[in-house]
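Reading the structure
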Amino acid sequence: MAEIKSIGVVGAGQMGSGIAQLAAVNGVDVWLHDTDADALNKAQDSISKNIQRLVSKGHLSQGVVVDASRRLRCTSNVEDFGSVDFVIEAIVESEDVKKKLFTQLDRIVKGSAILASNTSSISITRLASATSRRSQVIGMHFMNPPPIMKLVEIIRGADTSDGTYNVTRVLAERFGKTVICSNDYPGFIVNRILMPMINEAFHALQTGVATKEDIDTGMKLGTNHPMGPLELADLIGLDVCLSIMKVLHTGLGDSRYAPCPLLVQYVDAGRLGRKRGIGVYDYNTRAKEIKPLAQL
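Residues numbered from 1 in each chain as written. Predicted model: local features only at pLDDT ≥ 70, side-chain atom pairs only at ≥ 80, totals over all residues. Heavy atoms only, no water.

1. What about the confidence of the model for the protein?
Detailed reading of the predicted model is not advised wherever pLDDT is low. Summing up the model confidence of the protein, the mean pLDDT is 93 and the portion of residues at 70 or higher is 96%. Within the model, pLDDT remains below 50 along residues 287–296, and this stretch shows 17 contacts once partners closer than five positions in the same chain are excluded. (pLDDT = per-residue confidence, 0-100. Contact = heavy atoms within 4.5 Å.)

This is the structure in structure tokens:
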């Protein structure tokens, strides 16, 4: 089994920068790519602060920090991925956009490289169909935020080889993660269960079952969840939650997976969660009561 010495990460948002951080502090050379120069600068700053925080807490040595800084390189040119052993894409949750990227990566990276997607729900088999290396395409779904959450969900497409799976599993374990494996079904394991719960929380909010605070408190204290479903939706991004619900609804053909109209309304209004400063909750004035959109 070949050891992964270098990886490319596409997308410098929270997920991509977190994956790049994991790789760098675990001795892997990383190219972090994004077409947005500001996103790359923010990612570098975020990674540096996160690593220093780990040092201050005694989780990392200063030597690891120096080594990680040397291993991490940022680029706006995906052509720099030509020599990497493994690529992880962490871009927008859109099948068409991901397929276009995979076709491009298939042309750029060396023949032995593995192409992995951090998709939350999209078919790995269909993503692989955009390449000439279907046996070397796999899902590698990190939880948010990647440096903290212990789980990686690996998804095998119809043609994913045992070798590709084994290399991916070893890499995830090198990053200190616990691995679970899912077959290629809509939503895989985690989001097949999680997103309908979040969607139901929106239905409860929309129909006036309770306030958002009581819904979240009920699930935190009643089921021992660290976050309530509406708070979690804001953290994930309401647009991401909606995209996953659409995948579940289309892929499973069951009306119970139809996105809640209130979730759709919030996304249409640009209330995407923490990344926008407002979602179910207002993060600019967190204690302020947010009126339903119909009252705005």
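2. What to know about the UniProt feature "binding site: NAD(+)" (unreviewed entry) in the protein
Mapped onto this numbering, the UniProt entry gives "binding site: NAD(+)" (unreviewed entry) at Gly11, Ala12, Gly13, Gln14, Met15, Gly16, Asp34, Glu93, Lys98, Ser120, Asn144 and Lys275. Inspection of the secondary structure assignment puts glycine 11 in the loop between β1 (6–10) and α1 (14–25). Residues within four places of glycine 11 in sequence aside, it is in contact with Gly16, Ser17, Leu32, His33, Asp34, Ala90 and Ile91. Relative to the assigned elements, asparagine 144 resides in the loop between β6 (137–142) and β7 (151–156). Other than its neighbours up to four places away in sequence, asparagine 144 contacts Gln14, Met15, Met149, Leu235 and Ile236. Within the structure, asparagine 144 has its side chain in polar contact with the side chain of glutamine 14 (distance 3.1 Å). (UniProt positions renumbered as here; feature names shortened; annotations may be inferred. Helix = DSSP H or I, 4+ residues; strand = E, 2+ residues; numbered from the N terminus. Polar contact = N/O pair within 3.5 Å; in protein donor to acceptor, adjacent residues only side chain to side chain.)

3. Looking at the sheet that holds strand β8 (residues 178–183)
Taken in spatial order, the 8 strands make up an open sheet running β3-β2-β1-β4-β5-β6-β7-β8, and their pairing is mixed. The outermost strands of the open sheet, each flanked by one partner alone, are β3 (72–75) and β8. Here the average twist between neighbouring strands, direction ignored, is 25°. As paired elements, β7 and β8 share 6 bridges and run parallel to each other. (Pairing = 2+ DSSP bridges. Axes fitted to C-alpha atoms, helices over the stretch in contact; angles between N-to-C directions.)

4. Section: the pattern of salt bridges
Tallying each qualifying case throughout the model produces 18 salt bridges. The partner of aspartate 45 in a salt bridge is lysine 49, and the shortest N-O contact between them spans 3.2 Å. A residue pair is termed a helical-turn pair when its members lie 3 or 4 positions apart in one helix, as aspartate 45 and lysine 49 do in helix α2 (residues 37–56) at 4 residues. The partly exposed category is assigned to lysine 49, whose relative accessible area is 48%. Among the salt bridges present, the one from aspartate 239 reaches lysine 275, with a minimum N-O distance of 2.9 Å. Taken together, the residues aspartate 239 in helix α10 (residues 238–252) and lysine 275 in the segment after α11 (261–268) connect sequence positions 36 residues apart. Of the residues examined, lysine 275 reaches a relative accessible area of 51% and is grouped as exposed. (Salt bridge = Lys/Arg side-chain N within 4 Å of Asp/Glu carboxyl O. Buried < 20%, exposed > 50% of the residue type's maximum accessible area, 1.4 Å probe, protein only.)

5. Overview of the nonpolar core
It is characteristic of soluble globular proteins that their nonpolar side chains tend to be buried jointly. Ile7, Val30, Leu32, Phe86, Ile88, Met140 and Phe142 are the most contacted members of the largest nonpolar core, which totals 39 residues. Isoleucine 88 has contacts with Ile7, Gly8, Val9, Val10, Ile19, Ala116, Asn118, Met140 and Phe142, leaving out every residue within four places of it along the chain. (Core = buried A, V, L, I, M, F, W, Y, C linked by side-chain atoms within 4.5 Å.)

6. Notes on the packing of helix α7 (residues 190–206) against α10
Relative orientation of the contacting elements α7 and α10 amounts to 110°, with a least axis distance of 10 Å. With respect to their mutual orientation, α7 and α10 come out roughly perpendicular. Crossing of α7 against α10: the hand is left-handed. Contacts between α7 and α10 pair Asn191, Arg192, Met195, Pro196, Ile198, Asn199 and Phe202 from the former with Leu238, Cys241, Ile244, Met245, Leu248 and Leu252 from the latter. For the contact of α7 with α10, a count of residues per class yields 10 nonpolar, 2 polar and 1 charged. (Parallel < 35°, antiparallel > 145°, perpendicular 65-115°, else oblique. Left-handed = near helix turned anticlockwise from the far one by under 90°. Nonpolar A, V, L, I, M, F, W, Y, C, P; charged D, E, K, R; others polar.)

7. Topic: unusual backbone geometry
In this chain, asparagine 144 is followed by proline 145 through a cis amide linkage whose omega measures 0°. Note on placement: proline 145 falls in the loop between β6 and β7. Although it is not a glycine, phenylalanine 188 sits at a positive phi angle of roughly 55°. Within the element layout of this structure, phenylalanine 188 appears in the loop between β8 and α7. Backbone geometry places asparagine 224, a non-glycine residue, at a positive phi of 65°. Residue placement: asparagine 224 occurs in the loop between α8 (212–223) and α9 (229–236). The class for asparagine 224 is exposed, based on a relative accessible area of 69%.

8. Considering the UniProt feature "domain: 3-hydroxyacyl-CoA dehydrogenase NAD binding" (unreviewed entry) in the protein
Mapped onto the present numbering, the UniProt feature "domain: 3-hydroxyacyl-CoA dehydrogenase NAD binding" (unreviewed entry) falls at residues 7–184. Taken end to end, residues 7–184 is 42% helix and 22% strand, and its two terminal C-alpha atoms sit 24 Å from one another.

9. Some details on the environment of leucine 272
Following the sequence through the fold, leucine 272 ends up in the segment after α11. Given a relative accessible area of 8%, leucine 272 falls into the buried group. Other than its neighbours up to four places away in sequence, leucine 272 contacts Asp234, Gly237, Leu238, Asp239, Val267, Ile278 and Gly279.

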